[in-house]
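Working through the structure, step by step
What follows is the residue order along each chain.
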Amino acid sequence: MQKWMIRLLIISFSVLLFSCKTYKIDDVVKVETKEKVTYNNYFSDSEMDYVYKTQIEVYGNSLSGIFVAKKMNDSIHRVVFTTDFGNKLLDFEISEKDFKVNYIIEDLDRKLIVNTLKKDFQLLLKHKFLVEEVLENELDIIYKSKQDKKYNYLFKSKQDNKTFKLISASKSKEKVVITFESKDNKFADNIIILHHNIKLKIELNKIEN
Amino acid sequence: MQMKQISSIVFLFFTTLFFAQETKMNATEIAKFKSTVEKESKTIKTIKTDFIQYKHLDFLSKDIETSGKMTFKSPNLLNWQYTKPYEYSIIFKNNKVYINDQGKKSTVDGGSKMFEKINKLIVGSVSGNMFDDKEFVISYFKNKEFYITKLAPKTATIKKYIKEVELYFPINEPTVSQVKLIEPSNDFTRIVFKNKVINAKVDDSAFNN
């Protein structure tokens, strides 16, 4: 009986150990800094209409359309996704704390879908990051920021200070990776949102409007 | 009277005047208009036209503009092709929908009543022959430039997506030059047809994906 107990304990303990392996970025060193905040400037200009041709791939299915985001005031963004024909599929109002569904078509009105998109868009549109730690490698500076139980890692290029990656991770795992390509560090030309725990990829390409 | 009140009365006067320019057609006018459009649409074998699509979202500073060309061959071949600012085409053929999204091809099986309805709606929108009292509550208007039919869907499923379809017929032309699809939120898609050619020779190969 005791042997059995011990074995079980060892197993569960190792499972615990395994799952508690902390997530960290490879090959970086910690930098001493006084920086308290850093910013992701894409989507932060309220004068701008952010319009993107969009491809969503989810578990082998693909969905195409137009993604629109607009900063309405200091805290709220409006986000709309339409088909290529212009029919509205969803219309959200998003801030860091609040979330409102103005419209969503029935087929997409599932708790899991709405919650996933809400979190993705909140991360994508987040402007201000409170810096907990700064890391670096030869080419990049990485700002680690805590948000509730998660950590965000904002990657900027040392050469031109452009934001090019944003990782959202739990204590142990990478959950969502967003990559940005931009000519001017104000408007991202290409964005890819990639999930690691579910098969979901969202690609946005800027439409010159 | 205060300045504010005066200005609002003036404003009210002008907006009433503006809207008053669109008047209801009387029974004789409606009968004549319907028979002309129906007669013309019976002679339509093919339609080739360019189009510009304006997606209006109230919160955006500018409508989203996409454009392309449309080819229709009676009774049910349709190629709706966006060329700017990106390539995207959707072909209705043999109860199937063929999509080519910037080179990425996919097929959706139609065969359903919904498919038939969409096909009818698009073809009807271009030819103008949509006087279907079973599907729509139809009202008829005219102004200096256009005869306008306003179609409010009767079916609950369609009502969720479309509040009203407006078809604009230039006074001296029996086919549609503008379509406006109004959503329940009052945001709308406006499609303007240009360089329309009726009954030009169209090969079936124009509907290959």
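Since the structure is predicted, the reported quantities are computational estimates derived from the model, not experimental observations. (Residues numbered from 1 in each chain as written. Chains lettered and ligands numbered in written order. Predicted model: local features only at pLDDT ≥ 70, side-chain atom pairs only at ≥ 80, totals over all residues. Heavy atoms only, no water.)

Turning next to helix α2 (residues 27–43) of chain B. Residues lying three or four places apart along an α-helix face the same way, a consequence of the helix completing one turn every 3.6 residues. All names here are of chain B. Between the first and last C-alpha of α2 there are 25 Å, a value that for 17 residues agrees with the 24 Å anticipated at 1.5 Å per step. The set of residues buried in α2 consists of F33, V37 and S41. All buried residues of α2 project into a common sector of 60 degrees when viewed along the axis, lining one side. Of the residues in α2, the exposed ones pointing more than 90 degrees away from the buried face are A27, T28, K32, K39 and K42. (Helix = DSSP H or I, 4+ residues; strand = E, 2+ residues; numbered from the N terminus. Expected span 1.5 Å × (residues − 1). Buried < 20%, exposed > 50% of the residue type's maximum accessible area, 1.4 Å probe, protein only. Arc of directions from axis to C-beta.)

Our focus in this paragraph is helix α2 (residues 111–125) of chain A. When the terminal C-alpha atoms of α2 of chain A are compared, their 21 Å separation across 15 residues agrees well with the 21 Å that a helix rising 1.5 Å per residue should span. Burial in α2 of chain A covers these residues: V114, T116, L117, D120, F121, Q122, L123, L124 and L125 of chain A.

Our focus in this paragraph is the pattern of salt bridges. Summed over the entire model, instances satisfying the criterion amount to 21 salt bridges over all chains. In this structure, the salt-bridge partner of K53 of chain A is D84 of chain A, at a minimum N-O distance of 2.9 Å. A residue pair is termed long-range when its members are at least 10 positions apart, and K53 of chain A in strand β3 (residues 50–58) and D84 of chain A in the loop between β5 (77–82) and β6 (88–94) qualify at 31 residues. By relative accessible area, which is 3% here, K53 of chain A ends up buried. Notably, a salt bridge pairs E22 of chain B with K150 of chain B, separated by 2.7 Å at the nearest N-O pair. Taken together, the residues span a long stretch of sequence, with E22 of chain B in the loop between α1 (3–20) and β1 (23–24) and K150 of chain B in strand β9 (residues 146–153) at a distance of 128 residues. (Salt bridge = Lys/Arg side-chain N within 4 Å of Asp/Glu carboxyl O.)

This part covers the nonpolar core. Nonpolar side chains in soluble globular proteins generally cluster together in the buried interior. Core analysis: the biggest nonpolar cluster contains 44 residues, and V68 of chain A together with M70, W80, L167 and F193 of chain B have the highest contact counts within it. Excluding residues within four positions of it along the chain, F193 of chain B makes contact with T49, D50, F51, W80, S125, V126, V176, S177, Q178 and V179 of chain B. By size, the runner-up hydrophobic cluster in this structure holds 38 residues, among which are Y52, L124, L154 and L200 of chain A. (Core = buried A, V, L, I, M, F, W, Y, C linked by side-chain atoms within 4.5 Å. Contact = heavy atoms within 4.5 Å.)

For the rest of this paragraph, the subject is the environment of F207 of chain B. Residues and elements named next belong to chain B. Secondary-structure assignment places F207 in the segment after β12 (188–198). Accessibility expressed as a relative area gives 1% for F207, which makes it buried. Remark: the alpha-carbon pair of F207 and E183, spanning 24 residues in sequence, is separated by 29 Å. Excluding residues that lie within four positions of it along the chain, F207 makes contacts with T71, F72, K73, L77, L78, N79, I91, K93 and V202.

Below, the discussion takes up the interface of chain A and chain B. Counting residues at the interface gives 25 residues for chain A, matched by 25 residues for chain B. Summing both sides of the interface, chain A and chain B together bury roughly 2200 Å²; the carbon and sulfur share of this comes to 55%. There are 5 salt bridges connecting chain A and chain B. Put simply, K53 of chain A and D101 of chain B hold a salt bridge, and the shortest N to O gap is 3.3 Å. If you look at where chain A meets chain B, you find 15 residue pairs in polar contact (both at pLDDT 80 or more). Within the residue set of the side of chain A that touches chain B, elements represented by two or more residues are β3, β4 (61–71) and β5 of chain A. Sort the elements by how many residues they give to the side of chain A that touches chain B and β4 of chain A lands first, with 5 residues. (Buried area = accessible area lost by both parts, 1.4 Å probe. Polar contact = N/O pair within 3.5 Å; in protein donor to acceptor, adjacent residues only side chain to side chain.)

Residues and elements named next belong to chain B. Read across the sheet, 12 strands follow the order β1-β8-β9-β10-β11-β12-β2-β3-β4-β5-β6-β7 without closing on themselves; strand pairing throughout is antiparallel. The outermost strands of the open sheet, each flanked by one partner alone, are β1 and β7 (104–109). Bridge count for strand β5 (residues 88–93) against strand β6 (residues 96–101) is 6 bridges, and the pairing is antiparallel. Among the inter-strand pairings, S89 is bridged to a residue of β6, identified as N100. (Pairing = 2+ DSSP bridges.)

With that out of the way, let us pick up the packing of aromatic side chains. Any two aromatic rings considered together are summarised by their centre-to-centre distance and by the angle between their planes. All names here are of chain B. In this structure the tally under the stated criterion is 23 aromatic pairs over all chains. A ring pair is formed by W80 and F193, whose centres lie 6.5 Å apart and whose planes are at 85 degrees; its orientation type is edge-to-face. Of this pair, W80 sits in strand β4 (residues 77–84) while F193 sits in strand β12, and the two are 113 residues apart along the sequence. Of the two residues, W80 and F193, both sit in the buried class. (Phe/Tyr/Trp six-rings, centres within 6.5 Å; stacked < 30°, edge-to-face > 60°.)

Mapped onto the elements of the fold, T189 of chain B is located in strand β12. A polar contact of 3.2 Å, which involves the side chain of T189 of chain B, links it to the side chain of K55 of chain B. The contacts of T189 of chain B, once residues within four sequence positions are left out, are F85 and G86 of chain A together with Q53, Y54, K55, V179, K180 and L181 of chain B.

Let us look at the side chain of N152 of chain A. All names here are of chain A. Looking at the secondary structure, you find N152 in strand β11 (residues 150–157). With a relative accessible area of 1%, N152 lands in the buried category. A polar contact is formed between the side chain of N152 and the side chain of Q147, at a distance of 2.8 Å. Beyond its immediate chain neighbours, meaning those up to four positions away, N152 contacts L123, K126, F129, Y143, K144, S145, Q147, L166, I167 and S168.

Counting all residues, the mean pLDDT for chain A is 90, and 90% of those residues have values of 70 or more. Element-level pLDDT for chain A is lowest in helix α1 (residues 2–19) of chain A, with a mean of 57, against a maximum mean of 97 in strand β14 (residues 188–195) of chain A. (pLDDT = per-residue confidence, 0-100.)

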